[in-house]
Amino acid sequence: NDSDTLMIIRFENESYLSEDGEAYNIKSKDALTEGKFSNGTNISNNGYIRYNGAGNFNQSEGTVEFWIKPYDDITASSGRYWFYAGTTDLRIYQTAGSQIALVCTGTTKTVAYSFQPEWYHFAIRYQNSSGICDLLINGIEEISTTDYVDDSDNTLSSGFFYIGTTGGGSETANATYDDFR
């Protein structure tokens, strides 16, 4: 951990508290399971985990990263949201079929990507001063845009963020998560 890390959730026990004690709002979840490093959490069947954005995001720049293991071949007939923050701020989802999409303050970029039921490291980097917003999967930049803009509604740092679904609880990830930061 470094001084710039605002939140870490390791999913080591049923409390789902972050390392600094941040509470959650949880709709539903499956039991803890084997994670990438120790325990992880399954998110399926319209489940998700919701946390407050306040104090956990820097609106101007930052990185969101986590480990994810999809349950199956991700060529689903409907989309699956893996991370959702703010009204239009940052999202990662898999479209119907085999494309992954990155949304940065309303701009959507997609790329074809074939997922298997194995662990992937996702990182979204964003910076207001340069407009850069990109998605790295296992350390390789897969999507990049220069359309990131610090939203005037400030929903990234003041609203909620969701792990495993949209803000409305639909299009569940059907995946195991570990080490979200």
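Values in this document were obtained by computation on a predicted structure and should not be read as measured data.

**So, the packing of aromatic side chains**
Next, step 1: In the structure shown here, the tally under the stated rule is 19 aromatic pairs.
Next, step 2: Judged by centre distance (4.6 Å) and plane angle (20°), the rings of Tyr 81 and Tyr 93 are stacked. Of the two residues, Tyr 81 sits in strand β6 (residues 80–85) while Tyr 93 sits in strand β7 (residues 90–94), which places them 12 residues apart along the sequence. The burial state of Tyr 81 is the same as that of Tyr 93; both residues are buried.
Next, step 3: Cluster of aromatic residues (ring-pair linked, three or more members): Tyr 51, Phe 66, Trp 82, Phe 83, Tyr 113, Phe 115, Tyr 120, Phe 122, Phe 161, Tyr 177 and Phe 180.
Next, step 4: For Arg 50, the ring lying beneath its charged end belongs to Phe 160, and the centroid distance is 3.7 Å.

**Some remarks on the nonpolar core**
Next, step 1: If you look at the biggest cluster of nonpolar residues, it comprises 36 residues, and the most contacted ones within it are Trp 82, Phe 83, Ile 100, Phe 122, Ile 163 and Tyr 177.
Next, step 2: Formed by seven residues, the second largest nonpolar core is a distinct cluster that contains Tyr 84, Tyr 93, Ala 101 and Tyr 162.

The rules behind these values
- Residues numbered from 1 in each chain as written.
- Predicted model: local features only at pLDDT ≥ 70, side-chain atom pairs only at ≥ 80, totals over all residues.
- Heavy atoms only, no water.
- Phe/Tyr/Trp six-rings, centres within 6.5 Å; stacked < 30°, edge-to-face > 60°.
- Helix = DSSP H or I, 4+ residues; strand = E, 2+ residues; numbered from the N terminus.
- Buried < 20%, exposed > 50% of the residue type's maximum accessible area, 1.4 Å probe, protein only.
- Lys NZ or Arg CZ within 6 Å of the ring centre and 35° of its normal.
- Core = buried A, V, L, I, M, F, W, Y, C linked by side-chain atoms within 4.5 Å.

By themselves these figures say nothing about function.
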